[in-house]
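# Report on the structure
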Amino acid sequence: DCVLAEALPMPSQENIGLHHHRTWLRFVSTGLPFWQDGAEGIVAHYPTTGVPLIFFPFSFPLQLGQSGIWKQLYADVQGQVEAPAYIKMNGPAASPIFTNERTGQRISIPTLTLPTNNDILEIWTDPMNRSVKINGVRDWSKIRSAQFFQMQPGPNTITIDIGLANNQTGVEIRWPNFYVGI
């Protein structure tokens, strides 16, 4: 992101001296009123291999397919101001809920099912460009409750509640580091 300046001739082209003309100076901002350090924060849980899906011994009653806290990802945002999050999840998964414990805000998608690890959900929480994509196609129809949270400066805990998750399910959360500047 940067600020561009361009010189424009005044409409009257008024000559004010030897080979000098008045000009307007126009400033154009091409982004947010913050600067970025170029670094990007990331926390992730990627699929593993060779991990059994059912652990023995287990106790009864046993509930299969029950939704519950799948993972908590801990993010330390280095910037000075809140930043949008990019969330990418591959299946299998059902009814994901992403909660930023620091703000209490959450994104809930109760009717979503990603049956295979080739199915991908992408969420961008940028207030000026929010999007929800399923397998690369924008799809807002499955969102029932969404507070598109921003990553806060300092520590953030993102709780991920997913049904049908297994050792192939992966989640990645990225954010830019924004700083106050002049």
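Parameters and conventions
Residues numbered from 1 in each chain as written. Predicted model: local features only at pLDDT ≥ 70, side-chain atom pairs only at ≥ 80, totals over all residues. Heavy atoms only, no water. Helix = DSSP H or I, 4+ residues; strand = E, 2+ residues; numbered from the N terminus. Buried < 20%, exposed > 50% of the residue type's maximum accessible area, 1.4 Å probe, protein only. Contact = heavy atoms within 4.5 Å. Areas by Shrake-Rupley, 256 points an atom, 1.4 Å probe, with all protein chains shown as cover. Pairing = 2+ DSSP bridges. Polar contact = N/O pair within 3.5 Å; in protein donor to acceptor, adjacent residues only side chain to side chain.

### Observations concerning the overall build of the chain
Counting secondary structure elements, the chain contains 0 helices and 18 strands. Out of the 182 residues belonging to the chain, those deemed buried represent 35%. Of the contacts formed within the chain by residues at least 6 apart in sequence, a portion of 73% connects residues at least 24 apart. Taken as a whole, the chain presents about 11,100 Å² of accessible surface, with 56% of it coming from carbon and sulfur.

### Digging into the pairing of strand S12 (residues 120-124)
Side chains Leu 121 and Ile 123 of S12 all project onto a buried face; the interleaved residues Ile 120, Glu 122 and Trp 124 project onto a face where none is buried. For strand S8 (residues 86-90) and S12, the ladder comprises 5 bridges, and the chain directions are antiparallel. Residue pairing for S12: Asn 90 is matched across the bridge by Ile 120. Where S12 and strand S13 (residues 131-134) come together, 4 bridges link them in antiparallel fashion. Bridge pairing in S13 places Ile 123 opposite Val 132. Connecting the antiparallel pair S12 and S13 is a turn made up of 6 residues.

### Focus on the side chain of Asn 177
Of note, Asn 177 is situated in strand S18 (residues 170-180). A relative accessible area of 4% means that Asn 177 is categorised as buried. Engagement of the side chain of Asn 177 in a polar contact is seen with the backbone nitrogen of Gln 78, the distance being 3.4 Å.

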